[in-house]
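# Architecture and fold: a report
What follows is the residue order along each chain.
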Protein chains: 2
Amino acid sequence: MCAPDLAVIAAHLEGLEETIISKLIDRAQFKINHAVYTAGRSGMAGADEESLFDLRLRYTEEMDALFGRFCVPEERPFHTALPKPRRIVTLPPSGLKIAEYGAVSLTAEIRRRYLELVPRICEEGDDGQYGSSVEHDVYALQAISRRIHYGALYVAEAKYRSDPERYRDLVARRDTRALTDALTRREVEERILDRVRHKVAYLQAEVNRRVRNVIDPEAVLTFYRDHVIPLTKEGEVRYLFHREENR
Amino acid sequence: MCAPDLAVIAAHLEGLEETIISKLIDRAQFKINHAVYTAGRSGMAGADEESLFDLRLRYTEEMDALFGRFCVPEERPFHTALPKPRRIVTLPPSGLKIAEYGAVSLTAEIRRRYLELVPRICEEGDDGQYGSSVEHDVYALQAISRRIHYGALYVAEAKYRSDPERYRDLVARRDTRALTDALTRREVEERILDRVRHKVAYLQAEVNRRVRNVIDPEAVLTFYRDHVIPLTKEGEVRYLFHREENR
């Protein structure tokens, strides 16, 4: 993507909604299973300070790192000190102007907020399905993270290009609030929230509730409104502060 | 599950349909990307004889093995020579009467048939999204495999218990065809196929086709009819031939 076009980026973000929602619904087929988030209860030999969730996320990222996942701008890892890629990854030019993608990483925040979402979509209790629970946690977390970082990087660059002078000025003044306001499109956000709520309701409207757990559309809407959208904007601000020509 | 009840098993299998379908839809958001299935084109140093798909499946299973995935009866690996689990997995009694779950493994067949399905659900071409393609291949493959092996093991045990004398006799005669006939419930199969086709169509009916690739419900119905259901029955027959008290 040499010249990121806002309509193309928005379309990609819209397409990622189904992926996020389907992964949350998959996670919600298992109970909360608090044990998987408790350090020292993983059942894993020698891992007293990590939970099963921590371990699954770390092992997955170690594998993903070998495959070159984190060479992709929007794939930001939750861990540092990952192995170097063993795979040669050839990417098209991103059009982004940032030396270090890590500068926009919001993974610590995403992790924390995702873990607060789990009890809102899963049934209380313990079904013993620990492996499946954390496996789906990692899928969901990675899908959410990809959406936030993709938005942060590409939306910011596209908006910058639409009015470089204005954004350069706001960055020069280090005015985070005005920058956030400039990046905000309230009507776009409302459209996203309506669409997300509708998708969650629609995708589950016909399921057999005796065999599938159903998640509350409001829980996902709230997550988007209070976390996905604000974190994306926080990432956009960070991107602009670190954008090469602005520094 | 001490005494597997056919209605409970059928409900679980029905619940897995959404999981399989959502993972196939996720995979179909990327093009076929033939390169990922071609040995020597993985870009991975020193891996000349494996494709990127092969490598992703193997690395995932090596990680999963450490977490104890394959201690679960219906989780049959695609590879042998996997590391031993590092995690202590406590499972409820399965109610199954088989010494070696590997005896019912159909993973080689499932892998082959899944790879034939990919060109029927993905758009022709190459979008360079190799890492994501094989990641979603593995998710889909594991979901399909879990469904087939779960059905093979638990449905066979439940049907056996409903009429032990009849099944013992068929097994004693090594009459595979009569055994398959006895295990077949044509009306149940028709109901599954109708349901699967409807789910695939329904889940995609409202998506924005400019941002999401849509898969043909007939492709998934055909896959269920020609592969998922027959392989499940083949697994049921194998289970009964290996059932402890029948040998």
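Predicted model only: the values in this text are computed from it and were never measured.

### Quick look at the environment of V196(B)
Residue and element names in this part refer to chain B. Relative to the helices and strands, V196 resides in helix α7 (residues 186-204). On the accessibility criterion, V196 (0% relative accessible area) is buried. A sequence separation of 168 residues divides V196 from A28, and the C-alpha atoms of the two residues are 17 Å apart. Not counting residues up to four positions away in its chain, the partners in contact with V196 are E17, I21, V220, L221 and Y224.

### Topic: empty space enclosed by the protein
All chains considered together, the criterion is met by four cavities of 30 Å³ or more. The volume enclosed by the largest cavity comes to roughly 240 Å³. Around the largest cavity sit 21 residues that line it, and S22(A), I25(A), L203(A), S22(B) and L203(B) are the ones nearest its centre. Contributing elements (two or more residues each) for the lining of the largest cavity: α1 (6-27) and α7 (186-204) of chain A together with α1 (6-27) and α7 of chain B. Each residue belonging to the lining of the largest cavity can be placed in one class, and the counts come to seven nonpolar, eight polar and six charged. In terms of lining, the second largest cavity is formed by 13 residues, of which the most central are M63(A), Y139(A), R56(B), T60(B) and Y139(B). Within the residue set of the lining of the second largest cavity, elements represented by two or more residues are α2 (52-66) and α4 (130-162) of chain A together with α2 (52-66) and α4 (130-162) of chain B. Broken down by element, the lining of the second largest cavity gets its largest block of residues, four residues, from α4(A). Class assignment of the residues belonging to the lining of the second largest cavity gives a composition of six nonpolar, three polar and four charged.

The rules behind these values
Residues numbered from 1 in each chain as written. Chains lettered and ligands numbered in written order. Predicted model: local features only at pLDDT ≥ 70, side-chain atom pairs only at ≥ 80, totals over all residues. Heavy atoms only, no water. Helix = DSSP H or I, 4+ residues; strand = E, 2+ residues; numbered from the N terminus. Buried < 20%, exposed > 50% of the residue type's maximum accessible area, 1.4 Å probe, protein only. Contact = heavy atoms within 4.5 Å. 1 Å grid on protein atoms, 1.4 Å probe; cavity = no way out; pocket = protein on both sides within 12 Å on 5 of 7 lines; lining within 4 Å. Points joined across faces, edges and corners; volume = space filled by probe spheres on them. Nonpolar A, V, L, I, M, F, W, Y, C, P; charged D, E, K, R; others polar.

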